[in-house]
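# Commentary on secondary and tertiary structure
Next come the chains, spelled out residue by residue.
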Amino acid sequence: MSVERRDRLRHGGLAVLEICVVAGLYFGSAELGLLQQLVRSQITPLWPPTGIALASLLLRGPRVWPGIAIGAFLVNITLGPTALAVLAIASGNTLAPICSYVLLRRVDFHVEMDRLRDALALILLGAFAGMLVSSTIGSGTLRLAGVLGPDDFWPAWSVWWTGDAMGVLVVAPVLLVLRSARLPRDVPPSRWAEALLLVAATAGLGLLETGRAPLLFLGFPLLIWAAFRFQLAGAAPCALAISTFAIIAATRGSGPFAGHDLLTNMITLQAFNASTALTALLLSAAVAERNQTQLEIAHACGQLAGMVTRIATGDHRPTRPDGQGRSRNEEHGEQTPKPV
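Everything in this summary refers to the structure shown in the same document. (Residues numbered from 1 in each chain as written. Predicted model: local features only at pLDDT ≥ 70, side-chain atom pairs only at ≥ 80, totals over all residues. Heavy atoms only, no water.)

### Quick look at the overall build of the protein chain
- Helix and strand counts for the protein chain come out as eleven helices and zero strands.
- Listing the helices and strands of the protein chain from first to last along the sequence gives α-α-α-α-α-α-α-α-α-α-α.
- Counting the 340 residues in the protein chain, one finds 40% classified as buried.
- By sequence separation, contacts in the protein chain at least 24 residues apart represent 72% of the contacts at least 6 residues apart. (Helix = DSSP H or I, 4+ residues; strand = E, 2+ residues; numbered from the N terminus. Buried < 20%, exposed > 50% of the residue type's maximum accessible area, 1.4 Å probe, protein only. Contact = heavy atoms within 4.5 Å.)

Quick look at the structure:
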């Protein structure tokens, strides 16, 4: 067997493995999402597979779309009323993250999300615009199949759309952060202590949530803390945890979801989850962009100070683009050899 053929087989095997991993993650996260269903058996307030699908496309490219399609088909095969409905809903679940991916690529989206425009793009294009595809196809299919009545279409559509959008806003940022997660070096103990304190406070918020007081709203100071101190690496997991606590509280009818009907609880839950996700994404991106701007300003000030120093000392040698003076050869009248 030639080396070229062996390389093709190896790359093909890796591609198949990627597709299988994406399909497995999609199916597994869907089963977890269905545990917290509030409306029927196919519509949940937060649908994690959309976040996994979009993050997979952003990180691994369009070649993983068959994994999304396989996972969506396996999820819906036990839920759809007919085989045709299963194919239609699975197609909508596959097309929605692909549309989001195409829209984000068109606006030069950075997976690091270190700019405010990246956070806005994920919110407006990745979540709100792209997920219109899955909610429209899915709800329309259930309506045509007779599962939804005329009065149930728009409520089901809105819950489907917001659930898919919340999956993008809450789950995808966590996966994008994990891609570049590295254990930092030379971190002072106080920094580790602060991170552990943030984790403990977030976990304690979920444990203390009861039906007597809406303690979930105390999560916003934790989100602000995480965004300012740790940017997206801290804000994204914090938002995921708080949204999970909110869904659990809604299914139990506790905290701010106590004593209300299903529609009121759904509106309250989605407004809370949206506020949580937007706070985490926008604030962390703004802080990251501010930090980058400060570094650029400090660098420019350093270059300007160097120029002022040379003028004050009478050094009129031209400055190279890297901010240094002429090379030793140039100082002695020699030409710097050019690379061949």
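### Some details on the packing of aromatic side chains
- Enumeration over the complete set of coordinates arrives at six aromatic pairs.
- Taking the centre distance of 5.0 Å and the plane angle of 75° together, the rings of F153 and W154 count as edge-to-face.
- You can call F153 buried: its relative accessible area is 18%.
- Seen from their ring centres, F217 and F272 are 5.3 Å apart, and the 85° between their planes marks the pair as edge-to-face. (Phe/Tyr/Trp six-rings, centres within 6.5 Å; stacked < 30°, edge-to-face > 60°.)

### Some points on helix α3 (residues 65-76)
- Taking 1.5 Å per residue, twelve residues should reach 16 Å; α3 reaches 17 Å between its end C-alpha atoms and fits that length.
- In this structure, the buried residues of α3 make contact with α1 (3-34), α2 (48-60) and α4 (83-106). (Expected span 1.5 Å × (residues − 1).)

### Observations concerning the side chain of S284
- Relative to the helices and strands, S284 is located in helix α10 (residues 262-312).
- On the basis of relative accessibility, which here comes to 3%, the residue S284 falls in the buried class.
- There is a polar contact of 2.5 Å between the side chain of S284 and the backbone oxygen of A280.
- If we ignore the near neighbours within four places in the chain, the residues touching S284 are A227, Q231, L232, A235 and T279. (Polar contact = N/O pair within 3.5 Å; in protein donor to acceptor, adjacent residues only side chain to side chain.)

### Some thoughts on the nonpolar core
- Counting 66 residues, the largest nonpolar core has L58, F109, M113, L122 and L281 as the members making the most contacts within it.
- Setting aside residues no more than four positions away along its own chain, L122 makes contact with L54, L104, F109, M113, A127, V168, L169, P173 and L281.
- Listed in part, the five residues of the second largest apolar core include I89, L142, A156 and W160. (Core = buried A, V, L, I, M, F, W, Y, C linked by side-chain atoms within 4.5 Å.)

### A word on unusual backbone geometry
- A positive phi is found at D108, a non-glycine position, where the angle reads about 55°.
- With respect to the element layout, D108 can be found in the loop between α4 and α5 (116-129).
- Residue D108 is classed as partly exposed on the basis of its relative accessible area, which comes to 45%.
- The residue M113 is not glycine, and still its phi comes out positive at about 50°.
- Position of M113 among the secondary structure elements: in the loop between α4 and α5.
- Judged by its relative accessible area of 3%, M113 is buried.

### Side note on the layout of surface pockets
- Space inside the largest pocket adds up to approximately 1,100 Å³.
- Taken together, 41 residues make up the lining of the largest pocket; nearest its centre are V177, F230, L232, A233 and G234.
- Listed by contribution, the elements that provide at least two residues to the lining of the largest pocket are α7 (153-179), α8 (189-208), α9 (219-252) and α10.
- In terms of residue class, the lining of the largest pocket is built from 25 nonpolar, eight polar and eight charged. (1 Å grid on protein atoms, 1.4 Å probe; cavity = no way out; pocket = protein on both sides within 12 Å on 5 of 7 lines; lining within 4 Å. Points joined across faces, edges and corners; volume = space filled by probe spheres on them. Nonpolar A, V, L, I, M, F, W, Y, C, P; charged D, E, K, R; others polar.)

### Notes on a nonpolar patch on the surface
- On the surface, a cluster of nonpolar side chains totalling about 500 Å² of accessible area is made up of F27, I70, F73, L74, I77 and L87.
- At three residues, α3 tops the list of elements feeding residues into the nonpolar patch.
- Examined against the element boundaries, I70 turns out to sit in helix α3. (Patch = residues over 30% accessible without salt bridge, like charges linked within 9 Å, V, L, I, M, F, W, Y side chains within 5 Å. Areas by Shrake-Rupley, 256 points an atom, 1.4 Å probe, with all protein chains shown as cover. Salt bridge = Lys/Arg side-chain N within 4 Å of Asp/Glu carboxyl O.)

### Digging into the environment of S135
- Structurally, S135 is set in helix α6 (residues 132-144).
- A relative accessible area of 0% means that S135 is categorised as buried.
- Those residues in contact with S135 that sit more than four places away from it in its chain are G140, W157, W160, W161 and D164.
- Among the polar contacts made by the side chain of S135, one reaches the main-chain carbonyl oxygen of L132 at a distance of 3.2 Å.
- For S135, the side chain forms a polar contact with the side chain of W157, separated by 3.3 Å.

### Examining the packing of α8 against α9
- Contact geometry for α8 and α9: axes closest at 9 Å, N-to-C directions at 25°. The angle between the axes of α8 and α9 places the two elements in the roughly parallel class. In this structure, the crossing between α8 and α9 has a hand that is right-handed. Between α8 and α9, the contacting residues are R191, E194, A195, L197, L198, A201, T202, A203, L205 and G206 on the first element and G219, L222, W225, A226, R229, F230, C238, A241, I242 and F245 on the second. (Axes fitted to C-alpha atoms, helices over the stretch in contact; angles between N-to-C directions. Parallel < 35°, antiparallel > 145°, perpendicular 65-115°, else oblique. Left-handed = near helix turned anticlockwise from the far one by under 90°.)

Treat this as a map of the structure, not an account of what it does.
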